[in-house]
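This is what each chain is made of:
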Amino acid sequence: MRPKLRTRLYATILAALALAVGGCEDAAKHGVQAHVPALNPANAAAAQVPAKVGELPLRKLSPQWLAALAPRVPNPKEYLIARVEAKFASGEQNYKAGHLEAARRDFDDAVDWLLTSGYDPNSDPKLSELFHRVVDTVYGYELQAFRAGDGFQEAPAVPAPIDEVAEMTFPVDPRLKARAEEAAKNISHDLPLTVNDEVLSFLNFFQTPRGRAIVETGLRRSGRYREMIARVLHEEGVPQDLIYLAQAESAFQPLALSRAGARGIWQFVAYRGMEYGLRHTWWIDERQDPEKATRAAAQHLRDLYGQFGDWYLAMAAYNCGPGNVQKGIERTGYADFWELYKRNVLPRETKNYVPIILALTLIAKDAAHYGIQADPEQPVPTDVVKPGRAIDLRLVAETIDVDVDTLRGLNPALLRLATPDDPSFELHLPVGSAEKFSAEIADIPADKWVSWRRHRIEAGETLSSIAKKYRVTPAAISDANNLDRHAALDVGEKLIIPAAAPAESKSRLVRYRVRKGDTLGGIADRFSVPTEDVRKWNHMKTNHVSRGMVLRIYTVGGAPEISPVHSRPKTSSKARIPQTTSPSGQASAAIHN
């Protein structure tokens with residue numbers, strides 16, 4: 001080929017390439033091509049190199065033909081959609097083949113590519129449809145398979161008593177004062193016991209029917225944990241009377257949940273719990289583990305006392321955070337709780353927090369005088385086993401012949417009907433049942449512990465009726481148990497049920513409007529989803545939320561999407577939340593722990 005003709009040909013091809021690149025509307029307008037994660041930069045660069053042109057009858061080539069010879073540069077948006085679709089299809093294929101880890105990676109890539117591409121999924125109908133289809137399906141699959149069978153529902157929480165009491169005010173009954181002052185002098189205590197009008201007002205409340213019920217519940221349940229709490233407080237070198245802080249917070253209910261998202265006997269919020277080693281994953285929340293949370297609380301209170309040198313200030317900081325107490329001290333110049341109280345520099349809930357604890361301490365130490373009668377529950381001894389991998393609690397219950405509620409009560413840190421796939425996890429069983437569990441669970445392959453079940457045969461049941469109940473075939477049950485398909489079943493015997501995969505559980509989209517006092521962590525806790533997911537779904541760079549914001553949340557069993565959601569709500573409007581959340585109401589300005 002002559003040099004001039006070759007030069008002219010290359011110039012024409014390069015011009016056609018420039019024309020094709022200019023036709024990428026979004027790349028020209030938005031400059032987002034480099035941000036499409038699915039577009040491999042190395043491949044894209046290679047695509048820009050002109051193809052080698054062989055000996056051609058150049059005299060017959062038109063400009064259209066020359067343009068056709070140029071490599072086609074994909075439209076970034078179309079390329080993104082194609083790659084996400086391919087990755088999503090790969091995830092579905094891996095999921096159906098049972099390759100769950102590979103499926104998880106594929107689904108994560110598909111979602112992440114969409115969210116980090118530089119495009120707003122809601123700005124384009126195709127992207128919006130793809131984004132919501134992928135997210136809805138992925139989270140449905142994740143809840144179904146990645147989160148241990150169909151036991152995805154979190155154990156229902158109970159309202160934390162502190163939410164109800166801390167914002168109330170009550171009159172002072174002068175008749176209570178003399179007795180309280182006498183008790184403060186004569187009863188044994190290792191925390192200072194101040195008796196003033198603030199304490200007397202709550203002492204009066206705890207004489208009402210509602211207040212007495214709260215006290216009696218706490219005193220009754222304290223029997224389960226008193227010995228353990230006393231031991232841990234002693235080991236950590238803090239006063240024994242701090243046990244009444246837990247009574248005020250939760251009435252010793254491990255599943256207590258406050259409006260601010262604080263959980264457990266000691267009402268830790270997520271970030272403070274993590275600071276003291278309490279893990280919070282999909283599977284477990286160690287804020288609800290009585291002993292681990294007690295140790296974390298003792299250490300935290302000891303640290304706060306070391307900072308402020310005063311137990312009342314330490315308790316106040318436990319409620320609203322040390323930063324708020326420190327600011328109050330700096331504003332007033334007083335490192336004294338009652339001075340901070342009078343000068344109104346603490347949140348309202350925190351102002352009442354210390355008097356509530358003092359009132360409960362006085363009553364608990366002299367319950368009969370106040371007409372309080374509660375027989376303490378006995379501590380529950382347990383056996384501890386390490387399953388070594390995830391196992392469905394229903395299978396455990398069927399193996400050792402107890403009910404699931406018993407297991408959940410012994411393992412309040414478990415959020416689901418399955419244990420985590422963690423070799424170090426310790427499962428508490430009724431005392432005396434560990435040996436039976438270990439012997440019988442060996443009959444079932446370990447990789448089937450989250451799906452297979454056991455069934456005790458009842459009178460009148462047949463292989464077919466049992467198979468229908470568990471949605472499997474009679475042949476599958478007979479093969480798993482080495483049974484003749486026509487053999488008679490012995491009442492009372494147990495069968496291994498090779499259960500099929502659970503029916504798909506779709507996640508649902510909920511629009512939640514942020515209320516006064518909400519935090520992103522508290523909202524995530526209410527819907528039982530990770531904070532990072534809420535940020536991802538709403539394209540948030542920080543954890544900051546402000547009143548009136550509308551958040552998209554994908555949750556199981558949540559309320560249907562609220563429509564329309566206006567950006568400026570009326571003061572009377574209320575966001576709808578799932579049934580399993582704590583009672584709605586204005587969140588307190590104070591942050592627990």
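Above this text sits the structure in question.
Predicted model only: the values in this text are computed from it and were never measured.

Draft legend 1. A look at the overall build of the protein. Helices and strands together make up the secondary structure of the protein, namely 25 helices and 8 strands. Looking at the 593 residues of the protein, the share that counts as buried comes to 49%. Considering only contacts within the protein whose residues lie at least 6 apart along the sequence, 71% involve residues at least 24 apart. Of the roughly 28,900 Å² of accessible surface on the protein, a fraction of 51% belongs to carbon and sulfur atoms.

Draft legend 2. Examining the pattern of salt bridges more closely. Under the counting rule described, the total for this entry stands at 27 salt bridges. With a shortest N-O distance of 2.7 Å, Arg-302 and Glu-236 are connected by a salt bridge. A residue pair is termed long-range when its members are at least 10 positions apart, and Arg-302 in helix 14 (residues 290-308) and Glu-236 in helix 11 (residues 209-236) qualify at 66 residues. The buried category is assigned to Glu-236, whose relative accessible area is 11%. For the salt bridge of Arg-453 with Glu-398, the shortest nitrogen-to-oxygen distance reads 2.7 Å. Taken together, the residues Arg-453 in strand 5 (residues 453-456) and Glu-398 in helix 19 (residues 393-400) connect sequence positions 55 residues apart. Judged on exposure class, the residue Arg-453 and its partner Glu-398 are both buried. Taken together, the salt bridges that share partners define one network made up of Arg-231, Glu-235, Glu-236, Glu-291, Arg-295 and Arg-302.

Draft legend 3. Inspection of unusual backbone geometry at higher detail. A positive phi is found at Ala-251, a non-glycine position, where the angle reads about 55°. With respect to the element layout, Ala-251 can be found in the loop between helix 12 (243-250) and strand 2 (256-257). With a relative accessible area of 2%, Ala-251 lands in the buried category. Despite not being glycine, Asp-401 has its phi angle at roughly 60°, a positive value. Locating Asp-401 in the fold gives a position in the loop between helix 19 and helix 20 (404-410).

Conventions adopted
- Residues numbered from 1 in each chain as written.
- Predicted model: local features only at pLDDT ≥ 70, side-chain atom pairs only at ≥ 80, totals over all residues.
- Heavy atoms only, no water.
- Helix = DSSP H or I, 4+ residues; strand = E, 2+ residues; numbered from the N terminus.
- Buried < 20%, exposed > 50% of the residue type's maximum accessible area, 1.4 Å probe, protein only.
- Contact = heavy atoms within 4.5 Å.
- Areas by Shrake-Rupley, 256 points an atom, 1.4 Å probe, with all protein chains shown as cover.
- Salt bridge = Lys/Arg side-chain N within 4 Å of Asp/Glu carboxyl O.

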